[in-house]
Amino acid sequence: MFEPKIVCFLCKWCTSAGADLAGTSRLKYRPNGVNIRFMCSSRVDPEHILWAFHEGADGVLIGGCHPGDCHYEDGNYKTQARISLLNRLLDDFGIDTKRLRLEWISAAEGAKFANVMNEFTEELRSKGPLKLAAREMAK
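Thresholds applied
Residues numbered from 1 in each chain as written. Predicted model: local features only at pLDDT ≥ 70, side-chain atom pairs only at ≥ 80, totals over all residues. Heavy atoms only, no water. Helix = DSSP H or I, 4+ residues; strand = E, 2+ residues; numbered from the N terminus. Rg over C-alpha atoms; globule rule 2.2 N^0.38 Å. Buried < 20%, exposed > 50% of the residue type's maximum accessible area, 1.4 Å probe, protein only. Contact = heavy atoms within 4.5 Å. Areas by Shrake-Rupley, 256 points an atom, 1.4 Å probe, with all protein chains shown as cover. Lys, Arg positive; Asp, Glu negative; His and termini not counted. Charge placed at Lys NZ, Arg CZ, Asp CG, Glu CD. Expected span 1.5 Å × (residues − 1). Arc of directions from axis to C-beta. Salt bridge = Lys/Arg side-chain N within 4 Å of Asp/Glu carboxyl O. Pairing = 2+ DSSP bridges. Axes fitted to C-alpha atoms, helices over the stretch in contact; angles between N-to-C directions. Parallel < 35°, antiparallel > 145°, perpendicular 65-115°, else oblique. Left-handed = near helix turned anticlockwise from the far one by under 90°. Nonpolar A, V, L, I, M, F, W, Y, C, P; charged D, E, K, R; others polar. Core = buried A, V, L, I, M, F, W, Y, C linked by side-chain atoms within 4.5 Å. Phe/Tyr/Trp six-rings, centres within 6.5 Å; stacked < 30°, edge-to-face > 60°.

Engineer: I keep staring at the overall build of the chain and nothing clicks. Help me out?
Structural biologist: Broken down by element type, the chain carries five helices and four strands. When the helices and strands of the chain are listed from N to C terminus, the series reads β-α-β-α-β-α-β-α-α. Relative to the globule expectation of 14 Å for 139 residues, the C-alpha radius of gyration of the chain, 15 Å, shows essentially globular dimensions. Projected onto its principal axes, the C-alpha coordinates of the chain cover approximately 40 × 35 × 20 Å. Expressed as a percentage of its 139 residues, the buried residues of the chain come to 43%. Counted over contacts in the chain with a minimum sequence separation of 6, partners at least 24 positions apart contribute 79%. Surface accessibility of the chain: about 7600 Å² in total, with carbon and sulfur atoms responsible for 53%. Of the charged side chains in the chain, 19 are positive and 18 negative; the average position of the first set lies 4 Å away from that of the second.

Rendered as structure tokens:
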């Protein structure tokens with residue numbers, strides 16, 4: 001059975017800590033994600049996301065602080081605007097916008113992190129592997 005690969009770009013202060021809480025609480029969630037910690041979700045550049053897809057990710061999760069709770073004041077608002085713009089371009093690259101997910105998860109929401117990972121994994125599993133022309137040309 002197909003197992004999707006998910007690259008997770010997580011805010012250090014909130015979502016990464018929420019992922020840690022899910023682990024230390026021994027919550028069960030799919031192990032399909034590889035977590036990469038950023039100081040703020042706003043530091044995730046669209047190039048990082050496109051690189052992840054090009055290198056084999058079937059989905060990308062961006063996790064940040066809830067709006068109004070960003071440690072850098074407005075970082076998550078910048079992230080939200082950037083992802084909205086990127087979603088408009090993904091179709092041009094042959095990538096379904098549902099393969100990019102933005103979630104606000106606080107440090108206290110380990111259960112939410114586990115639920116998001118389970119839901120996203122199942123959604124990607126139903127879509128099947130991402131087939132990009134750029135990947136095929138690189139082989």
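Engineer: Honestly, helix H4 (residues 110-127) in this entry has me stumped. Any pointers?
Structural biologist: Residues that lie three or four places apart on an α-helix share one face, since the helix turns once every 3.6 residues. The first and last C-alpha atoms of H4 sit 26 Å apart over 18 residues, in line with the 26 Å expected at 1.5 Å per residue. For H4, every residue scored as buried is listed here: Gly110, Phe113, Ala114, Val116, Met117, Phe120, Thr121, Leu124 and Arg125. Looking straight down H4, one finds that the buried residues subtend no more than 160° of arc, so they occupy a single side. Buried residues in H4 make contact with strand E1 (6-11), helix H1 (15-24), strand E2 (33-38), strand E3 (59-64) and strand E4 (100-104). In the stretch just after H4, Gly128 is the one whose phi turns positive, near 85°.

Engineer: How should the pattern of salt bridges be read in this particular structure?
Structural biologist: Once their charged atoms are close, side chains differing in charge can pair, the charge on each being opposite to the other. A full pass over the atoms with the stated rule returns seven salt bridges. As a salt-bridge pair, Glu122 and Arg125 come within 2.5 Å of each other at their nearest N and O atoms. Of the two residues, Glu122 and Arg125 both sit in helix H4, three residues apart, roughly one turn of that helix. Of the residues examined, Arg125 reaches a relative accessible area of 16% and is grouped as buried.

Engineer: Quick question: what am I supposed to make of the pairing of E2 here?
Structural biologist: Each regular strand carries side chains that alternate between the two faces of the sheet. Sheet topology note: the E1/E2 ladder contains six bridges and is parallel. Bridging across to E2, Val7 finds its partner in Val34.

Engineer: For this particular structure, what's the right way to read the packing of helix H2 (residues 46-54) against helix H3 (residues 75-90)?
Structural biologist: The packing of two helices is summarised by the inter-axis angle and the distance between the axes. It is the contact of H2 with H3, at a shortest axis distance of 11 Å, that shows an interaxial angle of 40°. Taken together, the axes of H2 and H3 lie oblique to each other. Both H2 and H3 take part in a crossing whose hand is right-handed. Here Pro46, Ile49 and Leu50 of H2 come into contact with H3, specifically with Arg82, Ile83, Leu86 and Leu90. Residue classes in the contact of H2 with H3 are distributed as six nonpolar, no polar and one charged.

Engineer: Help me understand the nonpolar core in this model?
Structural biologist: Nonpolar side chains in soluble globular proteins generally cluster together in the buried interior. Residues Phe9, Ile49, Phe53, Val60, Ile62 and Leu100 are the most contacted members of the largest nonpolar core, which totals 17 residues. At the level of elements, E1, H2, E3 and H3 are the ones that each hand at least two residues to this core. Membership of the second largest hydrophobic core comes to 12 residues, among which are Cys8, Leu61, Phe113 and Leu124.

Engineer: I keep staring at the packing of aromatic side chains and nothing clicks. Help me out?
Structural biologist: To describe a pair of aromatic rings, you give the distance between the ring centres and the angle between the ring planes. Counted according to the given criterion, the structure contains two aromatic pairs. An angle of 80° between the planes, with centres 5.5 Å apart, marks the rings of Phe9 and Phe38 as edge-to-face. Within this pair, whereas Phe9 is found in strand E1, its partner Phe38 is found in strand E2, the two being separated by 29 residues in sequence. Residues Tyr29 and Phe113 carry aromatic rings whose centres are separated by 5.5 Å and whose planes lie at 90° to one another, so their mutual orientation is edge-to-face. Taken as a pair, Tyr29 in the loop between H1 and E2 and Phe113 in helix H4 lie far apart in primary sequence, 84 residues in all. Judged by its relative accessible area of 28%, Tyr29 is partly exposed.

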